[in-house]
Amino acid sequence: MMETLQIPLVLGTVALLMVMRVPVGISLLLSGALGFAFIRGTTITLDTIGGRLFDIGSGYALSAVPLFLLMGHVAAKAGITQDIYRAARAWLGHMKGSVVFATTVAAVAFAACSGSTTSSTAVFGRVAIPEMLRLNVNRKLAAGCVATVGTLAGMIPPSINLIVYGIIARESIPKLLIAGIIPGLLTAFAYLVMIYIRVSRNPELAPALPKASIEERVNSLKDVWSFLALGGVVIGGIYAGIITPTEAGAIGAVGAFLIALLRKRLSFPVLREVFLDTAQTTSVIFIILVGALIFSSYLAVSGASGAVSQFILGLDMPMMGIVCIYVLLLLVLGCLVDPVSVMFLTVPIFVPPLIALGAHPIWLAIVIVKTLEIGLITPPVGLNAFVLKGVVPSLSLREIFGGVWWFLQVEIITLILIMLIPAIATFLPELAL
Amino acid sequence: MRRPPQAKKARAAQHHQKHHRNLRGSECSAPVAKCGMESKAVVLRGDASLATFINNALLLQRKLEEIACYVSAMAVATMMSITVLEVFARALFKISVPGSYEYVSLMFVYLIYLGLGFSQRRDAQITVGILYDQLPRRAKRIVECFYLVMACLFFAAVTWTSAASAWSAYVMGDTVLGIIEVKTWWARAGIPVGLALLSTRFLIQLIDLIKNDVLLEEAAEAEFAPQGRAEEEKN
């Protein structure tokens, strides 16, 4: 009796703990431990977890994550976001779409220095929203733009979600990172087209700025070229296969420090804050990873993962049909739970049978990560909207989600394009590595 | 709703005064970082020495959490330096720094576990809480009590087993094999330290909740409020 009820009980426990505001990582860890206790008994479970925490926590490939986080934190704290934003405004502010255009382009540039969606949204919320509101940009458009463009950091390398995916699915991390370039740029381009069309129809949404002088434009580049070059070196190094992602993260972080130091943007308190923020963010992300690993191990040991995989393989459906079902599941889960835990829970179950059915591993990875990024802005609980609300409390959630809706439609179209044309994801990695 | 750390941080300042008015009936004039249990320890009546002991123990816990976080920050700085050194040594002299791969992998353990107590104190973990948000305060209290008891017991038990695992690795001389052999016990030892700080933090939060009716998010708001941060900086 207990054996039959065991899996539903454990799944119910994890869901209940999460909706009761128990942190995601701890919910997964406690429920996974409960599940193992059913199978192996309490003492063995606790001993096993005590030993496994080390195996989970020590890994070279995972070390890329804190290093890229560090690089992003240095860029943000040293005021690089402001510089990038100022340059984008000087070059694009006079066009249709004005500062909203500039914000989108600046977010693409910043994404090359930062792999975290929420960090990117938070820094752009602080920098771009006050400026856009001062320039009478429509509040919904401003809020939607910033909440959405932050997700570009989750796709354009160095993307932390793609690194984590590579570890779960045992895919080549450099290939995955490179594969994110075209989908990321395509998404940004689609945003720009949507903004252009909307502003062309109603210019009051984003009044254009006077054209900046050539001198002003050239001067604006002085502060950003070095960081953009650093982003280029990091991505280029991985692309050429000269350095591993972990090495790229370390070089990026050291480079960011040096540039900030030369510009006199680093003080001791800033340095302290940057390192402490990185330490805190890493523990927050990785306790989820630890919990998710224990939980997914339980699912594997209990036979649940295998049963679902077999069920998928036995379905009389084409691969694309199953991918569509998986994408819908990810959209629902992605707007409720963070991407890392969703990947840990679903990738080991869905990805092997889909690859067995002929799905391209890199294409599948990009589709999964892209869908989870969409989940981050999907109402009513998209994480990015809450991050933006946190840094700009004057914006209401209604305004943020109202603005996000315009971008969400673009996101769905881009996702469908990536699903229908796998070369968008696979072209660069196949060409390069 | 999901509450990311940034959202919690920004809301803290504006909620602080309201929150403490609600809890105490009048505005809180004490330094914010010491609101909740950490100030109640001072006002325990009848036994001054016990109050002093509890107060000192709480301060020690705070300091240890911060030190652990600094060690974790130093670990990331070291990982960065070792990796860059490795890249330059390989590019310039065609040699590899012995043990660089192993040390970076092992040091990563510190980054995961040592910051846990500090993150829990700041309520920085990612939460969902869709149902919790709809509950009345009394029910929230019961739910949090249950969670804190379970988490405290679980992490205390895992502290013990991970310490046993680290000790066994030390006694057996467990190593990671690479160009050179690197002992693993020093990295393993970071796990029980981090988990011990986490389970103690759960215990403090549990007592705070039972004795002073301070929910986790309220304690974290006090932690983030400008006055509290200023106090922290001063210390």
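Since we're looking at a predicted model, the values are computed, not measured.

(A) Molecular detail of the overall build of chain B. The secondary structure content of chain B amounts to 10 helices and two strands. When its helices and strands are written in sequence order, chain B yields α-α-α-α-α-α-β-β-α-α-α-α. Going through the 235 residues of chain B one by one, you find that 51% of them count as buried. Of the contacts made within chain B by residues no fewer than 6 positions apart, 74% connect residues no fewer than 24 positions apart.

(B) Seen up close, the overall build of chain A. In terms of regular secondary structure, chain A is built from 22 helices and zero strands. Computed over the C-alpha atoms, the radius of gyration of chain A is 22 Å, within 12% of the 22 Å expected from 2.2 N^0.38 for a compact globule of 433 residues. On the principal axes, the C-alpha backbone points of chain A span a range of 75 × 50 × 45 Å. When contacts within chain A are restricted to residue pairs at least 6 apart in sequence, long-range pairs at least 24 apart make up 80% of them. Accessible surface, chain A: about 15400 Å² in total, of which carbon and sulfur atoms supply 69%. One finds the centroid of the 25 positive side-chain charges in chain A at a distance of 9 Å from the centroid of its 19 negative side-chain charges.

(C) View of the pattern of salt bridges. Going through the model one piece at a time under the given rule, you end up with 20 salt bridges over all chains. Across the pair Glu-247 of chain A and Arg-90 of chain B runs a salt bridge whose closest N-O atoms are separated by 2.7 Å. Within this pair, whereas Glu-247 of chain A is found in helix H14 (residues 245-262), its partner Arg-90 of chain B is found in helix H3 (residues 48-93), the two belonging to separate chains. For Glu-86 of chain B, the salt bridge is made with Arg-90 of chain B, and the minimal N-O distance between the two is 3.8 Å. One end of the pair is Glu-86 of chain B and the other is Arg-90 of chain B, both in helix H3 and four residues apart, which spans about a single turn. Relative accessible area serves as the criterion here: at 31%, Arg-90 of chain B is assigned to the partly exposed category. Three or more residues are tied together by salt bridges with common partners; here these are Lys-63, Glu-65, Glu-66, Arg-121 and Arg-201 of chain B.

(D) Focus on the environment of Thr-161 of chain B. Mapped onto the secondary structure, Thr-161 of chain B falls in helix H6 (residues 137-172). Under the relative-accessibility criterion, Thr-161 of chain B is labelled buried at 8%. Through-space distance from the C-alpha of Thr-161 of chain B to that of Pro-192 of chain B is 8.2 Å; in sequence the pair is 31 residues apart. Leave out the neighbours within four places in its chain, and Thr-161 of chain B touches Leu-46, Asp-47 and Gly-50 of chain A.

(E) Main features of the confidence of the model for chain B. All names here are of chain B. This prediction gives chain B a mean pLDDT of 79; 75% of its residues lie at or above 70. Below a pLDDT of 50 lies the segment residues 10-35, which in the model reaches 49 contacts outside its immediate sequence neighbourhood of four places, other chains included. Per the prediction output, this complex has pTM 0.82; the corresponding ipTM is 0.81.

(F) Expanded view of the state of the cysteines. Applying the stated criterion across every chain, the model contains zero disulfides over all chains. With no disulfide of its own, Cys-335 of chain A lies closest to Cys-324 of chain A among cysteine sulfurs, the gap being 18 Å.

(G) Broad picture of the interface of chain A and chain B. Across the boundary between the two partners, chain A contributes 68 residues, which contact 67 residues of chain B. Between chain A and chain B, a total of about 5900 Å² is buried, with carbon and sulfur atoms accounting for 74% of that surface. Between chain A and chain B we count three salt bridges in total. Counting across the interface, chain A meets chain B through 13 residue pairs in polar contact (both at pLDDT 80 or more).

(H) Quick peek at helix H8 (residues 190-212) of chain B. For H8 of chain B, spanning 23 residues, the distance from its first C-alpha to its last is 32 Å, which sits close to the expected 33 Å at 1.5 Å a residue. Looking one or two residues beyond H8 of chain B, the residue adopting positive phi is Asp-213 of chain B, at roughly 60°.

(I) The packing of aromatic side chains, seen in detail. Residues and elements named next belong to chain A. In total, this model carries 16 aromatic pairs over all chains according to the counting rule given. Taking the centre distance of 4.3 Å and the plane angle of 5° together, the rings of Tyr-326 and Phe-350 count as stacked. Here Phe-350 lies in helix H18 (residues 339-356) and Tyr-326 lies in helix H17 (residues 319-334), a separation of 24 residues in the sequence. The buried category is assigned to Tyr-326, whose relative accessible area is 1%.

(J) Highlighting unusual backbone geometry. Each neighbour pair has its own omega, and for Pro-157 of chain A with Pro-158 of chain A the value is 5°, a cis peptide bond. Mapped onto the secondary structure, Pro-158 of chain A falls in the loop between helix H8 (139-149) and helix H9 (160-169). The phi torsion at Asp-123 of chain B lies on the positive side, around 55°, for a residue other than glycine. Classification of Asp-123 of chain B as buried rests on a relative accessible area of 4%.

(K) Structural context of the nonpolar core. Residue and element names in this part refer to chain A. Formed by 220 residues in total, the largest nonpolar core has its most connected members in Ile-368 and Leu-388. In terms of residues, this core owes the most to one element, helix H15 (residues 268-302), which gives 17 residues. Once residues lying within four places of it in the same chain are set aside, the contact partners of Leu-388 are Thr-121, Gly-125, Ile-129, Ala-143, Val-146, Ala-147, Leu-395 and Ile-400.

(L) Just helix H6 (residues 98-111) of chain A, in detail. With 14 residues, H6 of chain A should cover 20 Å at 1.5 Å per step; its first-to-last C-alpha distance of 20 Å lies within 8% of that length. A large share of H6 of chain A lies buried, amounting to 13 of its 14 residues.

(M) Quick look at the packing of helix H7 (residues 117-134) of chain A against H8 of chain A. Residues and elements named next belong to chain A. With their axes 9 Å apart at the nearest point, H7 and H8 run at an angle of 160° to one another. When the axis of H7 is compared with that of H8, the two are roughly antiparallel. Judged by the twist between their axes, the crossing of H7 over H8 is right-handed. Listed contacts from H8 to Thr-121, Phe-124, Gly-125, Ala-128, Ile-129, Met-132 and Leu-133 of H7 are Arg-139, Ala-142, Ala-143, Val-146 and Ala-147. When grouped by side-chain class, the residues that make up the contact of H7 with H8 number nine nonpolar, two polar and one charged.

The rules behind the values
Residues numbered from 1 in each chain as written. Chains lettered and ligands numbered in written order. Predicted model: local features only at pLDDT ≥ 70, side-chain atom pairs only at ≥ 80, totals over all residues. Heavy atoms only, no water. Helix = DSSP H or I, 4+ residues; strand = E, 2+ residues; numbered from the N terminus. Buried < 20%, exposed > 50% of the residue type's maximum accessible area, 1.4 Å probe, protein only. Contact = heavy atoms within 4.5 Å. Rg over C-alpha atoms; globule rule 2.2 N^0.38 Å. Areas by Shrake-Rupley, 256 points an atom, 1.4 Å probe, with all protein chains shown as cover. Lys, Arg positive; Asp, Glu negative; His and termini not counted. Charge placed at Lys NZ, Arg CZ, Asp CG, Glu CD. Salt bridge = Lys/Arg side-chain N within 4 Å of Asp/Glu carboxyl O. pLDDT = per-residue confidence, 0-100. Disulfide = S-S within 2.5 Å. Buried area = accessible area lost by both parts, 1.4 Å probe. Polar contact = N/O pair within 3.5 Å; in protein donor to acceptor, adjacent residues only side chain to side chain. Expected span 1.5 Å × (residues − 1). Phe/Tyr/Trp six-rings, centres within 6.5 Å; stacked < 30°, edge-to-face > 60°. Core = buried A, V, L, I, M, F, W, Y, C linked by side-chain atoms within 4.5 Å. Axes fitted to C-alpha atoms, helices over the stretch in contact; angles between N-to-C directions. Parallel < 35°, antiparallel > 145°, perpendicular 65-115°, else oblique. Left-handed = near helix turned anticlockwise from the far one by under 90°. Nonpolar A, V, L, I, M, F, W, Y, C, P; charged D, E, K, R; others polar.

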